[in-house]
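A look at the structure
Here is how the chains run, residue by residue.
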Amino acid sequence: MTIEERQTLLDSSESDLHRLSAHHSSGYKNMSFKDLGLKSQLLPTLESMGFTKPTAVQAEAIPVALQDEQDLFVIARTGTGKTAAFGLPLLSLIENSHVPQALILSPTRELANQITGELKRFSKDMPEIKVVSVFGGAPIDRQIQQIKRGVSIIVATPGRLLDLFRRGAVKTEQVKYLVLDEADEMLSAGFKEQIYNI
């Protein structure tokens, strides 16, 4: 990602932007997931998965994301728990509904499937939450049927999401949350125009 593209990404928000770079905090070491304000149904699942304490990025991002009042820009290395840092707040904030309330954009189908798998594991005790992964190279009709059956969170590659918009399969009226995972990778891979169209 060029410096200009990164600055454009930072400047693109119309609302207040909260920037976190999760490598400088040490106060998180005494925190638990319960301290972060997550929905109570998530806590036993996290414990059963062996997650006892949040990582630095999770401890910093989750409370801010749960405020649901501002955009959030997080920079953290691979393997620091970013999926949980954005996924757990989404699962806490989403209402009981089968219309898409959150869109997560991913640069690759592999990452989209990985994110979807993690969110499904986190929400295993929340049957009202439905997560679907949509991407190119797979039958779009099957993906449309999954969405029609009801979905809370759509994890998508930019091109496939635009295809679904054009076909009227995804409507954004009730979408409240948008996550750009690996935004720098998406821009480097040439998805800039598609991201802006979304």
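In what follows, the accompanying structure is described. (Residues numbered from 1 in each chain as written. Predicted model: local features only at pLDDT ≥ 70, side-chain atom pairs only at ≥ 80, totals over all residues. Heavy atoms only, no water.)

1. A look at the nonpolar core
In this structure, Leu 38, Leu 88, Ile 104, Leu 119 and Ile 153 are the most contacted members of the largest nonpolar core, which totals 28 residues. Listing elements by their share of this core, those giving two or more residues are helix H2 (42-48), helix H3 (56-66), helix H4 (82-93), strand S3 (102-105), helix H5 (109-122), strand S5 (153-156) and strand S6 (177-180). If sequence neighbours within four positions are ignored, Ile 153 has contacts with Leu 91, Ile 94, Ala 102, Ile 104, Leu 119, Lys 130, Val 131 and Val 132. Among the nonpolar cores identified, the runner-up in size contains 14 residues, and Val 151, Ile 154, Ala 156 and Leu 164 belong to it. (Core = buried A, V, L, I, M, F, W, Y, C linked by side-chain atoms within 4.5 Å. Buried < 20%, exposed > 50% of the residue type's maximum accessible area, 1.4 Å probe, protein only. Helix = DSSP H or I, 4+ residues; strand = E, 2+ residues; numbered from the N terminus. Contact = heavy atoms within 4.5 Å.)

2. Section: the packing of H4 against H5
At their nearest, the axes of H4 and H5 sit 10 Å apart, and the two run at 50° to each other. The pairing of H4 with H5 is recorded here as oblique in orientation. When the axes of H4 and H5 are compared, the crossing they make is right-handed. Between H4 and H5, the residues in contact are Thr 83, Ala 84, Phe 86, Gly 87, Leu 88 and Leu 91 and Ile 115, Glu 118, Leu 119 and Phe 122, respectively. (Axes fitted to C-alpha atoms, helices over the stretch in contact; angles between N-to-C directions. Parallel < 35°, antiparallel > 145°, perpendicular 65-115°, else oblique. Left-handed = near helix turned anticlockwise from the far one by under 90°.)

3. Quick word on the pairing of S6
The alternating pattern of S6 places Tyr 177 and Val 179 on a buried face and Leu 178 and Leu 180 on a face that is not buried. Bridge count between S3 and S6: 4 bridges; the pairing is parallel. Counted as the bridge partner of Ile 104 is Val 179 from S6. (Pairing = 2+ DSSP bridges.)

4. So, H5
In a regular helix each residue adds 1.5 Å, so 14 residues correspond to 20 Å; H5 covers 20 Å between its end C-alpha atoms and thus fits that length. Among the residues making up H5, those that are buried are Leu 111, Ala 112, Ile 115, Thr 116, Gly 117, Glu 118, Leu 119 and Phe 122. Elements in contact with the buried residues of H5: H2, H4, S3, strand S4 (131-134) and S5. (Expected span 1.5 Å × (residues − 1).)

5. A closer look at the sheet that holds S5
The strand order S4-S5-S3-S6 describes an open sheet built from 4 strands, whose pairing is parallel. A single partner strand is all that each edge strand has here, and the edge strands are S4 and S6. Across the sheet, the mean angle from the axis of one strand to that of its neighbour is 15°, orientation sign disregarded. In this structure, S3 lies alongside S5, joined through 4 bridges in parallel fashion. Its bridge partner being in S5, Ala 102 is matched across the sheet by Ile 153. Contacting S3, S4 and S5, helix H7 (residues 158-166) runs over the sheet at an angle of about 140° to S3.

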